[in-house]
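So the chains spell out like this:
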2 protein chains.
Amino acid sequence: MEAERIRQQIQFIREIDELKHVLRQSYLMNGSRRENDAEHTWHIAVMALLLQEHAADQTLDVKKVVHLLLIHDLVEIDTGDTFAYDTKGYEDKWERELAAAKRIFGLLPADQREAWMALWIEFEEGQTAEARYAAAIDRLHPVLHNFYTEGKAWKAHHVSVAAVKKRMAVIAEAAPALGRFVDELLEEAVAKGYLLP
Amino acid sequence: MEAERIRQQIQFIREIDELKHVLRQSYLMNGSRRENDAEHTWHIAVMALLLQEHAADQTLDVKKVVHLLLIHDLVEIDTGDTFAYDTKGYEDKWERELAAAKRIFGLLPADQREAWMALWIEFEEGQTAEARYAAAIDRLHPVLHNFYTEGKAWKAHHVSVAAVKKRMAVIAEAAPALGRFVDELLEEAVAKGYLLP
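Residues numbered from 1 in each chain as written. Chains lettered and ligands numbered in written order. Predicted model: local features only at pLDDT ≥ 70, side-chain atom pairs only at ≥ 80, totals over all residues. Heavy atoms only, no water.

- Taking an unreviewed UniProt entry as the reference, chain A is identified by name as HD domain-containing protein belonging to Paenibacillus sacheonensis.

Printed below as a string of structure tokens:
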């Protein structure tokens, strides 16, 4: 029993190595190459711990936030990254990602399959304080990458400040001080020509 | 005050992007390229959550374990990765890494600088249940990468099973069932010629 359970868990660990091959639109902060999902996920897990003091809800369970973040992009092993400003790609995003979640979390022992699937759905639904703060951090991250690469991915996709601001609303809600920080950063980005006005 | 604090935190987030450029000896599980520290760190954070049930100490604080893991390799931004079986590189490892920790955590606001530095030292000292379980996961990870790439990094460095077993002792201590799993995996690795007998 124990050996079989560990075998399943190790199979999952092996499978998710694929996340290191899923490329995002964002560039590393030195601009040298595009970031992959595993790198992004490590970075936002650190950010969630570092910036917790700015969360609107100071009673939230930060361990759960980190768990949500660490697994939220695993579905992209099957679906690939859908660029945040790609409206077409968003049409069937939920169905494609749900199928991927079932396959990937399906590798786990039954109890963990259910628990981790529930966490993935919690993040997607964005209804709990943990899911909202996690989403805020997930959205803040590519803004930093874009800003420090002088808008490399924004420029490539002709993104406007209005489109970015719409996606950033969750930050102002879940972490007001970070929302104010992002507003200023976006203003500077427009002034410097990194982002369309 | 608040804005200055966020500015320092964002500066830290920007600095640690460099971890994505620190290459390890291990290859990705499909053998295509070497893994970097950010990818490794994401993977072991997931593993720590997934394998917690196997920890000898079931009262440990897994949130702390994840925090220890997420930041334990940041010093390698300055020092680079020291290969586990490089005895020469280990001679002045502590001094080099301590200087790096002071510089990198020194970017943080004072309270976080102290707290995160203390966590980094806790991992290095390996005296708490959290640090021991974290170390066990950190050591298990490259074994999996080596096994699934048919010993790619082991072969490149002529590593013997005795040397690997010595480093794996912490796994048997901190998570006995995982220790048994690793013993079997190493036996198979030798039988298949991935690792020197």
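That shown, we press on.
1. Examining the side chain of B:H145
(1) Moving on: Tracing the sequence through the fold places B:H145 in helix α8 (residues 129–148).
(2) Moving on: Side-chain polar atoms of B:H145 contact the side chain of A:D17, separated by 3.5 Å.
(3) Moving on: In contact with B:H145, other than residues within four places in its own chain, are A:D17, A:K20, B:S26, B:Y27, B:L28, B:M29, B:E35 and B:H43. (Helix = DSSP H or I, 4+ residues; strand = E, 2+ residues; numbered from the N terminus. Polar contact = N/O pair within 3.5 Å; in protein donor to acceptor, adjacent residues only side chain to side chain. Contact = heavy atoms within 4.5 Å.)

2. Observations concerning helix α11 (residues 176–191) of chain B
(1) Moving on: For α11(B), built from 16 residues, the straight-helix expectation of 22 Å at 1.5 Å per residue is met to within 8% by its first-to-last C-alpha distance of 23 Å.
(2) Moving on: Those residues of α11(B) lying buried are B:A177, B:L178, B:G179, B:F181, B:V182, B:L185, B:L186 and B:A189.
(3) Moving on: Elements in contact with the buried residues of α11(B): α1 (2–15) of chain A together with α8, α9 (152–156) and α10 (161–174) of chain B.
(4) Moving on: B:G193 lies just past α11(B) and shows a positive phi near 80 degrees. (Expected span 1.5 Å × (residues − 1). Buried < 20%, exposed > 50% of the residue type's maximum accessible area, 1.4 Å probe, protein only.)

3. Examining the interface of chain B and chain A
(1) Moving on: Taken together, the contact pairs 50 residues of chain B with 50 residues of chain A.
(2) Moving on: Three residues, B:K20, B:W42 and B:L50, lead the burial of chain B against chain A; their summed loss comes to 17% of the area buried on that side.
(3) Moving on: On the surface where chain B and chain A come into contact, there are 6 salt bridges.
(4) Moving on: Ionic pairing is found between B:R5 and A:E53, a salt bridge with its closest N-O pair at 2.4 Å.
(5) Moving on: At the junction of chain B with chain A, the criterion picks out 32 residue pairs in polar contact (both at pLDDT 80 or more).
(6) Moving on: Of all the secondary-structure elements, those providing two or more residues to the side of chain B that touches chain A are α1 (2–15), β2 (34–36), α2 (37–50), α3 (62–72), α7 (110–125), α8 and α11 of chain B.
(7) Moving on: It is α2(B) that contributes the most residues to the side of chain B that touches chain A, 10 residues altogether.
(8) Moving on: Residues of the side of chain B that touches chain A, tallied by class, amount to 27 nonpolar, 12 polar and 11 charged. (Buried area = accessible area lost by both parts, 1.4 Å probe. Salt bridge = Lys/Arg side-chain N within 4 Å of Asp/Glu carboxyl O. Nonpolar A, V, L, I, M, F, W, Y, C, P; charged D, E, K, R; others polar.)

4. Details of the nonpolar core
(1) Moving on: Judged by nonpolar contacts, the single largest core of 142 residues is most densely connected at A:F12, A:F105, A:L144, B:F12, B:F105 and B:L144.
(2) Moving on: Setting aside its immediate chain neighbours within four residues, B:F105 contacts B:F12, B:I71, B:L74, B:R113, B:W116, B:M117 and B:W120. (Core = buried A, V, L, I, M, F, W, Y, C linked by side-chain atoms within 4.5 Å.)

5. What to know about the relation of the copies chain B and chain A
(1) Moving on: Superposing chain B onto chain A takes a rotation of 180 degrees plus a shift of 0.0 Å along the axis, which leaves an RMSD of 0.0 Å. Within this description, the copies of the chain are treated as partners about a two-fold rotation axis.
(2) Moving on: Take the interface residues of chain B: 100% of them recur as interface residues in chain A, which is what a same-surface contact looks like. (Least-squares fit on C-alpha atoms with pLDDT ≥ 70 in both.)

6. With respect to the packing of aromatic side chains
Residue and element names in this part refer to chain A.
(1) Moving on: Considering all chains together, one arrives at 10 aromatic pairs over all chains under this definition.
(2) Moving on: Centroid distance F147 to Y194: 5.5 Å. Interplanar angle 70 degrees. Geometry classified as edge-to-face. Separated by 47 residues along the polypeptide, F147 in helix α8 (residues 129–148) and Y194 in the segment after α11 (176–191) bring together distant segments of the chain. Assigned by exposure class, F147 and Y194 land together as buried.
(3) Moving on: When the ring centre of Y27 is taken as origin, the NZ or CZ atom of K152, which lies over that ring, is 4.7 Å away. (Phe/Tyr/Trp six-rings, centres within 6.5 Å; stacked < 30°, edge-to-face > 60°. Lys NZ or Arg CZ within 6 Å of the ring centre and 35° of its normal.)

7. Here we look at the packing of α8(B) against α10(B)
Residue and element names in this part refer to chain B.
(1) Moving on: Two elements in contact, α8 and α10, have axes whose closest approach is 8 Å; the angle formed by their N-to-C orientations is 135 degrees. The angle between α8 and α10 falls in the class oblique. At the point where α8 passes α10, the crossing takes the left-handed sense. Here R132, Y133, A135, A136, R139, L140 and V143 of α8 come into contact with α10, specifically with V164, R167, M168, V170, I171, E173 and A174.
(2) Moving on: Taken together, the residues of the contact of α8 with α10 break down into 10 nonpolar, no polar and 4 charged. (Axes fitted to C-alpha atoms, helices over the stretch in contact; angles between N-to-C directions. Parallel < 35°, antiparallel > 145°, perpendicular 65-115°, else oblique. Left-handed = near helix turned anticlockwise from the far one by under 90°.)

8. Details of the pattern of salt bridges
(1) Moving on: As enumerated under the stated definition, the model contains 30 salt bridges over all chains in all.
(2) Moving on: One salt bridge connects B:R180 with A:E2, and the closest N-O pair in it is separated by 3.2 Å. Placement of the pair is B:R180 in helix α11 and A:E2 in helix α1, with the two residues belonging to separate chains.
(3) Moving on: Shared partners join several salt bridges into a network, and the residues in it are A:D17, A:K20, B:R24, B:E35 and B:D37.

9. A closer look at the pairing of strand β1 (residues 23–27) of chain B
Residues and elements named next belong to chain B.
(1) Moving on: Pairing between β1 and β2: 2 bridges, direction antiparallel. Counted as the bridge partner of Y27 is R34 from β2.
(2) Moving on: From the end of β1 to the start of β2, which pair antiparallel, there are 6 residues, and G31 there has a positive phi angle of about 75 degrees. (Pairing = 2+ DSSP bridges.)

10. Some thoughts on the packing of helix α2 (residues 37–50) of chain A against α8(A)
All names here are of chain A.
(1) Moving on: Between α2 and α8, whose axes approach to 9 Å, the crossing angle comes to 120 degrees. Here α2 lies oblique to α8, going by the angle between them. The way α2 lies across α8 gives a crossing that is right-handed. On α8, the residues touching H40, H43, I44, M47 and A48 of α2 are Y133, I137, D138, L140, H141, L144 and H145.
(2) Moving on: A breakdown of the residues in the contact of α2 with α8 according to their chemical character gives 7 nonpolar, 4 polar and 1 charged.

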